[in-house]
Amino acid sequence: MKLFYIALFGACGCVARYWVSLRVYALAGVGLPYGTLSVNILGSFLLGLLMEIEWRSGFLSADLRTGLAVGFLGGFTTFSTFSYETLRLLEKGNLVQAGANIVLNVVVCVVFAGLGIYCARQF
């Protein structure tokens, strides 16, 4: 059942990433890879929230939790795209944008994972 959940939720996560990224780029433009940044921040928050709630409550089955964490959030967040987009910015000589992209994706995502844990602890 675990593999089924990973595949099912992974497909949903990929579609959600595509949709959210398109919406963010339409709103914020393409000066920085805002779409990738937004899904990484949101995914970090949701993973922190999910895992902390699960750690405290055991509400979900292990298979369903794995499907959501590995499948949906693994398909939703995208470190490989972040890496590629950063390299493209570096190749174009956009050092400030590349640096901002690295700092924002790493620092902000870690902060939002912590925020997700904090929010889960408030329940």
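Here is what the cut-offs are and how they apply
- Residues numbered from 1 in each chain as written.
- Predicted model: local features only at pLDDT ≥ 70, side-chain atom pairs only at ≥ 80, totals over all residues.
- Heavy atoms only, no water.
- UniProt positions renumbered as here; feature names shortened; annotations may be inferred.
- Helix = DSSP H or I, 4+ residues; strand = E, 2+ residues; numbered from the N terminus.
- Buried < 20%, exposed > 50% of the residue type's maximum accessible area, 1.4 Å probe, protein only.
- Axes fitted to C-alpha atoms, helices over the stretch in contact; angles between N-to-C directions.
- Parallel < 35°, antiparallel > 145°, perpendicular 65-115°, else oblique.
- Left-handed = near helix turned anticlockwise from the far one by under 90°.
- Contact = heavy atoms within 4.5 Å.
- Nonpolar A, V, L, I, M, F, W, Y, C, P; charged D, E, K, R; others polar.
- Expected span 1.5 Å × (residues − 1).

A.B. asks: Teacher, can you tell me more about the UniProt feature "transmembrane region" (unreviewed entry) in the protein chain here?
C.D. replies: On the UniProt side, "transmembrane region" (unreviewed entry) is annotated at positions that read residues 26–50, 62–82 and 102–120 here. Counted over residues 26–50, helix gives 80% and strand 0%. Its end C-alpha atoms are 29 Å apart. Strand forms 0% of residues 102–120 and helix 100%; the C-alpha atoms that close the span are 27 Å apart.

A.B. asks: Could you clarify how one ought to interpret the UniProt feature "binding site: Na(+)" (unreviewed entry) in the protein chain in this entry?
C.D. replies: Within this structure's numbering, the places UniProt gives as "binding site: Na(+)" (unreviewed entry) are Gly74 and Thr77. Residue placement: Gly74 occurs in helix 3 (residues 62–76). Taking relative accessible area as the criterion, Gly74 reaches 40% and is therefore assigned partly exposed. Mapped onto the elements of the fold, Thr77 is located in the loop between helix 3 and helix 4 (79–91).

A.B. asks: Any chance you could explain the packing of helix 4 against helix 5 (residues 95–122) here in plain terms?
C.D. replies: Each pair of packed helices can be summarised by the angle the axes make with each other and by the distance between the axes. Following both chains from N to C, one finds helix 4 and helix 5 inclined at 160°, their axes separated by 7 Å at the closest point. When the interaxial angle is binned, helix 4 and helix 5 end up roughly antiparallel. With respect to the hand of their crossing, helix 4 and helix 5 are arranged in left-handed fashion. Across the interface between the two elements, Phe82, Thr86, Leu89 and Leu90 of helix 4 pack against Leu95, Gln97, Ala98, Asn101, Ile102 and Asn105 of helix 5. Looking at the contact of helix 4 with helix 5, its residues break down into 6 nonpolar, 4 polar and no charged.

A.B. asks: Honestly, the side chain of Asn40 in this entry has me stumped. Any pointers?
C.D. replies: Along the polypeptide, Asn40 turns up in helix 2 (residues 34–57). Ignoring any residue separated from it by four or fewer positions in sequence, one finds Asn40 in contact with Thr77, Thr78, Phe79, Phe82, Asn105 and Cys109.

A.B. asks: Explanation requested: helix 1 (residues 2–28) in the structure shown.
C.D. replies: In an α-helix there are 3.6 residues to a turn, and that puts residues three or four apart on one side. The end-to-end C-alpha distance of helix 1 is 37 Å, a good match for the 39 Å that 27 residues give at a rise of 1.5 Å each. Along helix 1, the residues that are buried comprise Tyr5, Phe9, Gly10, Gly13, Val20, Ser21 and Val24. On its buried face, helix 1 sits against helix 2 and helix 3. The first or second residue beyond helix 1 is Gly29, which carries a positive phi of 85°.

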